[in-house]
Amino acid sequence: MEKGALIEFKVQGNPRLGVADRPEGKKNWVVIDGNGQSHVLHPRQITYIVVENGDYEPSDIAAFMAEAEPNIEPDSLEVAWEFLQEAGEATDPASLALLLFSEQSPPLRYAAYCLLSSDKVFFKRKGDRYEPRSVKQVDEVRHQQAREVARKLEWEGFLSRSKQALGIRQSEGADQQDSLSSIEWEKTDRQRLDLLERYATLGEDCSQKVAAQEVLTALDYKTAAEDAFQLLVDLGLWSPHENLALRRSQIPIQIPDEVSAMVQKRIDNPPPDADADRLDLTHLKVYTIDDESTREIDDGLSLESVGDGRKRIWVHIADPTRWLLPGDDIDLEARRRCTTVYLPTGMIPMFPEALATGPMSLRQGEICCALSFGIVLDEAGAVEEYAIKASRIKPTYRLTYDDVDEMLELGLKAEPELNEIAESAKRRRQWRKSQGAISINMPESSIKVIDEEITIDVLENSQSRQTVAEMMILAGEVAARYGEAHALAIPFRSQPEPELPSDNELLQLPSGWVRDSAIRRCMPRSEMGISPARHATLGLDYYSQVTSPIRRYTDLLVHFQLKAHLRGETLPFSPAEMTELTQGVSTAAYEAVTVERQTKRYWALEFLRREGKHAWSVMLLRWLREHESLGLVIIEDLGLELAMRFESMPALGERFDVRVVHANPRQDFIRLEVVPDEVLTGEAVA
């Protein structure tokens with residue numbers, strides 16, 4: 001290269017023309033561009049030598065470009081490609097200039113070079129030559145470019161809609177939610193929002209964390225998982241109280257459309273009843289007893305005289321198998337769900353609600369299909385005789401626990417059956433105690449959230465609840481005894497004998513909750529299998545849960561097996577199949593219980609957070625780590641158990657007042673402090 005050569009080089013990625021002025025060292029050249037600015041270039045920095053031996057001056061560059069630029073027309077390149085591709089010939093800037101412009105002057109050669117060097121579609125460079133791509137290759141490149149353009153437009157559209165939503169959230173006005181719902185998110189938006197949801201839910205375990213963080217950065221958010229959570233809230237897509245425990249689980253929320261369609265067909269056209277010869281018990285008075293909010297009514301109680309002054313208790317259980325067959329789509333969906341999940345914000349049913357609260361339930365005043373357990377107790381409360389029948393009943397009363405407590409307290413003569421059932425429950429409970437049953441009376445709380453308003457009620461261990469619970473345990477014993485007697489493969493519940501504190505150790509503890517808490521801590525988890533075994537807490541040799549087939553899939557499995565055996569048919573599930581099913585369902589049920597517990601705790605902490613400096617009366621139940629002054633207290637008015645660290649050491653069973661110093665439900669954190677007596681006195685005076 002000599003002085004006066006015209007060359008192309010790049011400045012910050014942009015091409016620029018310059019004139020070689022003088023050598024600089026052994027290899028470098030000083031080049032002056034059209035603005036008179038000097039650049040020291042290594043040969044590798046030169047992208048194209050336009051004219052190698054020339055006498056150009058920097059002032060000539062503007063005129064040179066004025067002649068070249070009108071000919072840098074990308075559309076003309078496609079014409080040249082079609083000709084060269086058909087001829088199978090490669091080209092270079094000089095040849096292309098001749099083909100396109102019929103001459104090879106330096107400005108036209110440079111125009112041809114610009115077309116070739118910037119082209120990403122028609123030609124590929126090999127050395128100093130450019131080979132035409134095949135038609136197939138050109139089509140593929142164009143397709144990729146079109147997709148890239150579409151992706152860019154989608155991305156820009158997503159950002160635009162997101163910023164619109166964020167702007168609405170920042171504005172004031174009662175119609176904010178209506179404005180947010182008017183934003184029409186595209187399908188491609190959903191993919192990006194799903195990224196954010198997974199990252200907000202899974203945090204560092206999210207495999208697409210980087211992609212989610214790109215979205216956060218583009219919308220001027222920080223890149224932590226909690227920032228993804230906040231963005232989804234700000235977009236109006238999530239509630240500030242979004243249930244992350246539920247989202248992390250495998251619990252299905254929506255009923256598939258095909259299952260909903262099948263449910264409606266079953267309701268409109270019920271299948272033939274496999275138990276056409278059901279025992280008619282519609283003449284019996286039937287009491288269904290539940291909480292007022294319960295909609296899945298799956299058990300009822302009756303009393304029948306059988307002569308010799310003896311009475312038969314009937315425990316009627318809803319019969320969902322009337323509406324499905326083992327292995328059909330409705331059954332498989334219930335198996336996938338395995339249990340109804342009860343959350344403070346509402347329930348996620350095992351069966352579609354149209355069935356669960358409709359024909360499957362024992363509805364007052366309607367003739368309903370049931371599986372009825374008829375049981376005669378002896379004077380001590382043991383089962384003297386029993387029968388299990390597919391039945392037809394007509395529930396008489398739909399009662400709440402409060403209704404029944406009031407009726408029992410008044411001893412209504414109009415309802416002697418109810419009083420006798422309650423007395424049988426007491427006798428039964430005493431009998432189980434004589435068999436080694438262990439009674440633990442810790443308070444339970446019910447948390448309800450309606451329109452984000454939180455209410456917490458302590459469930460009283462009232463006579464009505466004890467009566468219903470005792471009757472359900474009785475039916476479970478009978479089902480298990482029948483299964484054991486006929487060697488049926490059903491899910492049996494068992495529990496190993498606990499290693500309880502000695503009588504002397506228990507006597508050293510305050511009676512009541514402290515002692516019950518110590519006993520509860522020793523209780524091993526219950527187990528499930530197809531072999532009958534003793535249930536220590538219940539004091540029963542055999543036990544199987546059978547009373548909630550609308551809500552628990554293992555109960556439904558017992559129904560399938562029992563009813564098939566009662567009809568003299570082959571059982572639908574073999575021992576191996578039943579073992580596999582119970583193991584899978586148990587795992588899913590444990591996950592559901594975990595979600596219920598975590599959700600309940602979240603709303604409990606949120607309730608306490610909102611209550612601020614309210615003073616709560618608590619009792620120290622036990623030490624968690626006494627050497628660290630960490631104990632477990634129970635808030636008496638709420639039935640909530642919380643860990644608390646103490647500055648001074650109270651005694652077990654001691655009562656004192658505490659208040660919330662800090663609570664963060666999302667981080668599952670709460671800190672309590674003891675309220676000094678003088679503060680309480682001052683508040684009382686004020």
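Residues numbered from 1 in each chain as written. Predicted model: local features only at pLDDT ≥ 70, side-chain atom pairs only at ≥ 80, totals over all residues. Heavy atoms only, no water.

Visitor: Looking at this structure, I do not really get the UniProt feature "domain: RNB" (unreviewed entry) in the protein chain. What am I missing?
Guide: The sites that carry the UniProt feature "domain: RNB" (unreviewed entry) are, in the present numbering, residues 278-568. Note that residues 278-568 is 32% helix and 26% strand, and that its end C-alpha atoms are spaced 14 Å apart. (UniProt positions renumbered as here; feature names shortened; annotations may be inferred. Helix = DSSP H or I, 4+ residues; strand = E, 2+ residues; numbered from the N terminus.)

Visitor: Which parts of the structure should I look at to understand the nonpolar core?
Guide: For soluble globular proteins, the rule of thumb is that nonpolar side chains tend to be buried together. If you look at the biggest cluster of nonpolar residues, it comprises 37 residues, and the most contacted ones within it are Ile289, Val315, Phe373, Ile375, Met471 and Leu562. Considering each element in turn, this core owes the most residues, 9 residues, to helix 16 (residues 463-485). When residues no more than four places from it in sequence are discounted, the contact partners of Leu562 are Leu371, Phe373, Ala479, Tyr482, Leu488 and Val546. (Core = buried A, V, L, I, M, F, W, Y, C linked by side-chain atoms within 4.5 Å. Buried < 20%, exposed > 50% of the residue type's maximum accessible area, 1.4 Å probe, protein only. Contact = heavy atoms within 4.5 Å.)

Visitor: When you look at the packing of helix 12 (residues 329-337) against helix 19 (residues 553-566) in this model, what are you seeing that I'm missing?
Guide: Relative orientation and spacing of two packed helices are given, respectively, by the angle between their axes and the distance between those axes. Two elements in contact, helix 12 and helix 19, have axes separated by 9 Å at closest approach and are oriented at 140 degrees. The pairing of helix 12 with helix 19 is recorded here as oblique in orientation. Contacts between helix 12 and helix 19 involve Asp331, Ala334 and Arg335 from the former and Tyr553, Leu556 and Phe560 from the latter. Here the residues of the contact of helix 12 with helix 19 sort into 4 nonpolar, no polar and 2 charged. (Axes fitted to C-alpha atoms, helices over the stretch in contact; angles between N-to-C directions. Parallel < 35°, antiparallel > 145°, perpendicular 65-115°, else oblique. Nonpolar A, V, L, I, M, F, W, Y, C, P; charged D, E, K, R; others polar.)

Visitor: Please clarify how the sheet that holds strand 24 (residues 655-664) should be interpreted in this entry.
Guide: Strand order in the open sheet formed by 5 strands is 23-22-21-24-25, with antiparallel pairing between adjacent strands. Each edge of the open sheet is held by one strand with a lone partner, namely strand 23 (640-645) and strand 25 (669-674). When the angles between neighbouring strand axes are averaged without regard to direction, this sheet yields 45 degrees. Looking at chain direction, strand 21 (residues 616-625) and strand 22 (residues 630-635) are connected through 6 bridges and run antiparallel. Paired with Met619 across the strands is Ile634, a residue of strand 22. Most of the contacts of helix 18 (residues 513-521) go to strand 21, to which it runs at about 35 degrees, and overall it touches strand 21, strand 22 and strand 23. This element, helix 20 (residues 575-611), spans strand 21, strand 22, strand 23, strand 24 and strand 25 of the sheet and lies at about 65 degrees to strand 23. (Pairing = 2+ DSSP bridges.)

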